[in-house]
Structures are given as structure tokens and as C-alpha cells.
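Chain by chain, the residues run as shown.
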Amino acid sequence: MRRVNTFEVRPLRKRDELLLLELLTAAASLWNEITYARRQALFAGENVWEAGIESRCSRYKGTLGSANSQQIARRSDEAWRSFFALRDGGSNPKPPGYWKEGDQRDLQTLVRNDQYTIEWGTRSRLEIPVGFDLKEKYGLGYYERLRLEARGNPRWDGEQGRLELVYDRCSDSFRARQPVKNARRRRDESLATASSDENAIAALDIGANNLVAVTTTRGDRRLYHGRPQFRRFRRTTEQIAELQSDLESSDRTSRRIRREYRRRTRRRNHVQDALVRDLAEWLRERSVEVVLIGALTGVLSTHWCSRVNEKTHQFWAHKKFRRRLREVLDGEYDIEVREVDESGSSSRCPRCDARDVSRNGDTFRCNECPYEGHSDLVGSENLLRAHANCGSMARPAAPDRNGSGGGYREVPRLEWNDHRWQHRDRSTKVDPANRSIPHREKLASGKSGAT
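Per-chain numbering applies: the sequence of each chain, read as written, is numbered from 1 onward. Only residues with pLDDT of at least 70 are given local features in this predicted model, and only at 80 or more are side-chain atom pairs given and counted; all residues enter the totals for whole chains, interfaces and linings. To obtain the side-chain values, all non-hydrogen atoms of the structure were included, while hydrogens and water were left out.

Re the overall build of the protein chain
So, step 1. When you go through the protein chain residue by residue, the secondary structure sums to 11 helices and 20 strands.
So, step 2. Any two residues whose heavy atoms approach within 4.5 Å at even a single point are treated as in contact. Sequence separation of 24 or more characterises 68% of the internal contacts of the protein chain that already satisfy a separation of 6 or more. Helix and strand definitions here come from DSSP, where helices need a minimum of 4 consecutive H or I residues and strands a minimum of 2 consecutive E residues; each element is numbered from the N-terminal end.

Below you can see the structure in the form of C-alpha cells.
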């Protein structure tokens, strides 16, 4: 099994930053030279494997080192072999391209798997080799390597592969990607669910309006409200569209647009990752050992409404979210995740099993009995009853709240406050930026009892 550890690296000194930038620039130049030579050979009908690659690598050994120069040549070989395989298979692929971002080089390099070391701990560090010319220029010793600070938490242990270092101009940062072969999840045994005879089963209804609705066989319920985050996602999308409309006709993107795209994606991913962590802790506290999630068959159809398509295909990011759910629950908490058929789970009453029901937004009503509930919570409860063999599942602690009085609103509903998921109440309905108390109210609240 192959996995990838992704983390940020930081030079310890200004000298190291300049050295690293020069190293990445040289690597990008070598790649572009190799690519240009091979593309010209391809267009001229010549052999791309005889384009003088070794002589070009030799010119960069003093900067990159012999081993790392060869890694760039090997990566080029891999890209061109894939190109020819696709072409021979009947496809019409484009030849491998340059490392370029607009008019600038895309600064990155490759380091052979046995040429770097990573040490994780309180002061994590990455050490990589550089060429002798750079060592002399920046005052490194003959056997000394460039040392960088590593920031992040690796998820996988195993046989380390070829390291990739990339400079991100949008955030002015350096990032590393470390492929791992025969990967094993780094586990924290303290996170595992305690084994007992009272372990429960939970079912999740995953969606875009309410990101997760969960019900357990003990009657515990929880709802993660997602509409405010989609509105924020939508506002950023509209801002990106405005920026794109201001571009010159010859331009496709800009640094600011790329930054906004990245910010939108990272904000969404942060919300979902925090949700998975919060949900995992909640399930562990309730000794849940199995989680049921509905299969996506027939759910992700394309609609005529662009807003609905944006919500289901971009904001929801269902595949990534489900993959992250499995990684955390199964890989770290020892909670088994099972995918089951969810067809019809939201179209029957969980109390009398009647099919004569009506839905209006989040509200679910049964026309045969006085039951009223939240449609997503109904889906999770029906999923649980259908696949967990729990016909005698415990009712919620206060069953009257799920009757005709609309008491489903008392089920814990969580909203994101830019830092964590918290229970939804009157305070969470206010924009976090507008929660400060007006100056007059502060003075009034500070008065004593004097009249």
C-alpha cells in the first residue's frame, strides 16, 4: 500500500532560505532543459532518448548533486514512457510539459530516497544533500547537508520514497511530499475504543446541507449543521468570479485568484477534518464500535441548478470526506466503518414504518401518526434499524420531544465558529465578527447598584 506524508519545511536561517531557493531554481531549469530537448526531438521525428540528457545533468551536479540530478532525469523518463504508452494505446495525450507557473519557473526538486533523513519529535527536522558548488558558496562543510525544520504530523510509517520539495509562491512557503511504500498508519493506542459487552452501533446520514446526522443504538443523536459554511463557500466563489471577470482576455488566472481558490479549499477541508475529529471523540465516549454510512449510488446526480451542483460536487467533497472518515475512525480509533444501502431511508416513518410521509426542508412528518422529526436524523435512524438488527433500539432520553410538538429541534445541533464545532444556540446564530458588546452596554453592565 502506498501513501504520502505531506508537511511544511522551513529554513532555519536566511542563508538556508537563499540556498534552498537556488537549489529549487536549478532543478526546475534542468527539468525544463530536458523537456525542451525531448519535445524538439519528438516534433522533428527523432529519438527522444538520445537528446543529450547526461550532458545536461552533468552541468547541474555542482548545484544539485549527482544523485538528485539523476532523479530529475528519471522522473522525465517516467513521464515520457507514460506518454508513449498512452499514445500507443490509442489516446492523444500531450507531451510532458515544463515546470512553469505563468512566466515563472515552478520551483521544485526531487531527492532520492536514500539521500535524505527525517527525524520527528519535539524539534522535527529534514536534512537533504546539496552540490559542492552551493556548499562552497554558502559556507557548508564538505560532509554537511542542508538542515530544514519540518512542521506537521506524519500519518504513515514505512519505506520512504523519493522526496518532493516545492516552493508555494501564493503562501511563500516550502512544502514536502514523502511517498511511503508498505505504509502503516501511525497509531495512538489511547484513541482506541475500549472493548466491552456494551459497545454500540451508530449510523451516519451524510449530506451537504447538514454535513452529518448521527444516531446510535442507545438513542444518542447529534447533528452537524452545514448551511452557514456553504454560504461562506458560495461568497468566495462569487468573489473569484468577479476577479476572473476583471482579467485581461489573454489571462486565465492570477496569483490572487489562485490564493482565493486555495483558501476556499483549505477552509472547507479544515471544517470537515475538525468535524471528523469531534465526531470520533463523541463516538468513543459512547463506546461505539461500528459505524454505518450510506452508499452514494444514485445520490450524486447532476441537477439543472448550478447552485445545487456546486453544493453537491464542490462544497460537499464527499469522496475526500468519506476517505478521511475511514482513516480516522478505522485507522486511529478502531471503529469499524461499513458502507450499506441507504435507499428509502428517508421515506418512511421510524415509529410506525408508514410510507405516507411529507418532507419540507429539514422537517419530516408522518401522515399516519403524530411523529415529527428532522429528515436527516430520520434517515440515520432508519439506516440503523435496517442494517444493525436493532428493532428494539433505545429511544432518545426524552421521547416526548420527538412528537408532534417539533421537539426534534432539541436534538444537539452543532455549528462551526471558525475554530471548533459548538452547540447551536442564540449566540451561534450571530456572525462571530459581530459578537462584541456595544460600548454603551459595556458601561451600563459595569455600573453599580447606585441609582
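Looking at the sheet that holds strand 11 (residues 200-206)
So, step 1. Whether two strands pair depends on DSSP finding at least two bridges between them. Spatially, seven strands are ordered 15-14-11-12-13-19-20 in an open sheet, and the strand pairing comes out mixed. Edge positions in the sheet fall to strand 15 (336-340) and strand 20 (421-423), since each has one partner strand and no second. Going across the sheet, the axis of each strand differs from the next one's by a mean of 25°, ignoring polarity.
So, step 2. Sheet analysis places strand 14 (residues 288-294) next to strand 15, joined by five bridges and oriented parallel. If you follow Val291 over to strand 15, its bridge partner there is Val337.
So, step 3. Note on geometry: axes are lines fitted to C-alpha atoms, helical ones only across the stretch in contact, with angles between N-to-C directions running from 0 to 180 degrees. Running over the sheet, helix 9 (residues 318-332) touches strand 11, strand 12 (210-216), strand 14 and strand 15 and is turned about 145° from strand 15.

Overview of the nonpolar core
So, step 1. Here, nonpolar core means buried Ala, Val, Leu, Ile, Met, Phe, Trp, Tyr and Cys residues that are tied together by side-chain atoms lying within 4.5 Å of each other. Throughout this description, buried means an accessible area under 20% of the type-specific maximum (1.4 Å probe, protein chains only), exposed means over 50%, and partly exposed covers the range between. Grouped together as the largest cluster of nonpolar side chains are 40 residues, with contacts concentrated most on Val9, Leu20, Leu64, Leu126, Ile128, Leu163 and Leu165.
So, step 2. The element best represented in this core is helix 1 (residues 14-43), accounting for 11 residues.
So, step 3. In contact with Val9, not counting residues within four places along its chain, are Leu126, Leu148, Glu149, Leu165, Phe174, Arg175 and Ala176.
So, step 4. Counting 34 residues, the second-largest nonpolar core is a separate cluster that includes Leu204, Tyr224, Val271 and Trp282.

Quick notes on the pattern of salt bridges
So, step 1. What counts as a salt bridge is simple: a side-chain nitrogen of Lys or Arg found within 4 Å of a carboxyl oxygen of Asp or Glu. Here the structure, examined in full by the defined rule, presents 31 salt bridges.
So, step 2. Residue Asp273 is joined to Arg324 by a salt bridge in which the shortest nitrogen-to-oxygen separation is 3.6 Å. A residue pair is termed long-range when its members are at least 10 positions apart, and Asp273 in helix 7 (residues 255-285) and Arg324 in helix 9 qualify at 51 residues.
So, step 3. Judged by its relative accessible area of 11%, Arg324 is buried.

Description of the side chain of Asn382
So, step 1. For Asn382, the location among the structural elements is in helix 10 (residues 375-387).
So, step 2. Excluding residues within four positions of it along the chain, Asn382 makes contact with Ser345, Arg348, Cys349 and Pro350.

Details of helix 6 (residues 227-245)
So, step 1. In a helix, the anticipated span is given by 1.5 Å times the number of residues less one. For helix 6, with 19 residues, the first-to-last C-alpha span of 27 Å sits near the 27 Å given by 1.5 Å per residue.
So, step 2. Of the positions making up helix 6, those classed as buried are Gln229, Phe230, Phe233, Arg234, Thr236, Ile240 and Leu243.

Side note on the packing of helix 6 against helix 7
So, step 1. Relative to each other, helix 6 and helix 7 sit at 170°, their axes nearing to 10 Å. Comparing their axes, helix 7 and helix 6 come out roughly antiparallel. Facing helix 6, whose interface residues are Gln229, Arg232, Phe233, Thr236, Thr237, Gln239, Ile240, Leu243 and Gln244, helix 7 presents Arg256, Ile257, Glu260, Tyr261, Arg264, Arg267, Arg268 and Val271.
So, step 2. Amino acid classes used here: Ala, Val, Leu, Ile, Met, Phe, Trp, Tyr, Cys and Pro are nonpolar; Asp, Glu, Lys and Arg are charged; the rest, including Gly, are polar. Grouping the constituent residues of the contact of helix 6 with helix 7 by class yields six nonpolar, five polar and six charged. For this classification, under 35 degrees means roughly parallel, over 145 means roughly antiparallel, 65 to 115 means roughly perpendicular, and everything else is oblique.

Details of the confidence of the model for the protein chain
So, step 1. pLDDT expresses, on a scale from 0 to 100, how confident the predictor is about each individual residue. For the protein chain, per-residue confidence averages 81 on the pLDDT scale, and 81% of positions sit at 70 or higher.
So, step 2. Considering only residues more than four positions removed or in separate chains, one finds that residues 394-408, a stretch of pLDDT under 50, has 29 contacts.
So, step 3. Predicted confidence is poor over residues 426-451, with pLDDT under 50, and the contacts of this stretch with residues over four places away or in other chains come to nine contacts.

Side note on the environment of Lys94
So, step 1. Tracing the chain through its elements places Lys94 in the loop between helix 4 (66-88) and strand 2 (100-101).
So, step 2. Through-space distance from the C-alpha of Lys94 to that of Phe83 is 7.4 Å; in sequence the pair is 11 residues apart.

Focus: a nonpolar patch on the surface
So, step 1. Note on patches: the residues involved have over 30% relative accessible area and no salt bridge, like charges join within 9 Å, and the nonpolar side chains Val, Leu, Ile, Met, Phe, Trp and Tyr join within 5 Å. Every accessible area reported is derived by Shrake-Rupley at a probe size of 1.4 Å, with residue values counting cover from the shown protein chains alone. Taken together, Phe132, Tyr142 and Tyr143 make up a surface patch of nonpolar side chains, about 460 Å² in accessible area.
So, step 2. Judged by relative accessible area, Phe132 falls into the partly exposed class, the value being 45%.

Examining the packing of aromatic side chains
So, step 1. Planes of paired rings set the category: under 30 degrees apart is stacked, over 60 is edge-to-face and the rest tilted, where pairs are Phe, Tyr or Trp rings (Trp by its six-membered ring) whose centres lie within 6.5 Å. Under the criterion given, the structure shown has 12 aromatic pairs.
So, step 2. Summarising the aromatic geometry, the rings of Trp49 and Phe84 are spaced 6.2 Å apart at their centres and angled 55° between planes, so their arrangement reads as tilted. Pair noted here: Trp49 is in the loop between helix 1 and helix 2 (53-59) and Phe84 is in helix 4, with a separation of 35 residues, a long-range link.
So, step 3. For Phe84, a relative accessible area of 17% corresponds to the buried category.
So, step 4. Measuring from centroid to centroid gives 4.8 Å for Tyr142 and Tyr143, while their planes differ by 80°, and the two rings are edge-to-face.
So, step 5. With relative accessibility at 77%, the residue Tyr143 sits in the exposed group.
So, step 6. Members of the aromatic cluster, each reached through a chain of ring pairs, are Trp49, Trp80, Phe83 and Phe84.
So, step 7. Each ring is checked for a lysine NZ or an arginine CZ that lies within 6 Å of its centre and within 35 degrees of its normal; such an atom marks a charge sitting over the ring. One Lys or Arg, Arg3, reaches over the ring of Trp156 and ends 5.3 Å from the middle of that ring.

Some remarks on the sheet that holds strand 18 (residues 372-374)
So, step 1. Spatial ordering of the open sheet is given by 16-17-18, a layout of three strands whose pairing is antiparallel. Two strands in the sheet have a free side with no partner beyond their single neighbour: strand 16 (357-360) and strand 18. Adjacent strand axes in the sheet meet at a mean angle of 25°, parallel and antiparallel pairs treated alike.
So, step 2. Here helix 10 sits on the sheet and contacts strand 16, strand 17 (363-366) and strand 18; the angle it forms with strand 18, its principal contact strand, is near 90°.

Things to note about helix 10
So, step 1. Between its terminal C-alpha atoms helix 10 stretches 18 Å, which fits the 18 Å expected from 13 residues at 1.5 Å a residue.
So, step 2. Among the 13 residues in helix 10, 10 count as buried, and that is most of the element.
So, step 3. The complete set of buried residues in helix 10 reads Ser375, Asp376, Leu377, Val378, Gly379, Ser380, Glu381, Asn382, Leu383 and Leu384.

A closer look at the environment of Thr35
So, step 1. Within the secondary structure, Thr35 is located in helix 1.
So, step 2. Separated by 61 residues in the primary sequence, Thr35 and Pro96 have C-alpha atoms spaced 7.1 Å apart.
So, step 3. Not counting residues within four places of it along the chain, the set of residues in contact with Thr35 comprises Trp80, Pro96, Gly97 and Tyr98.

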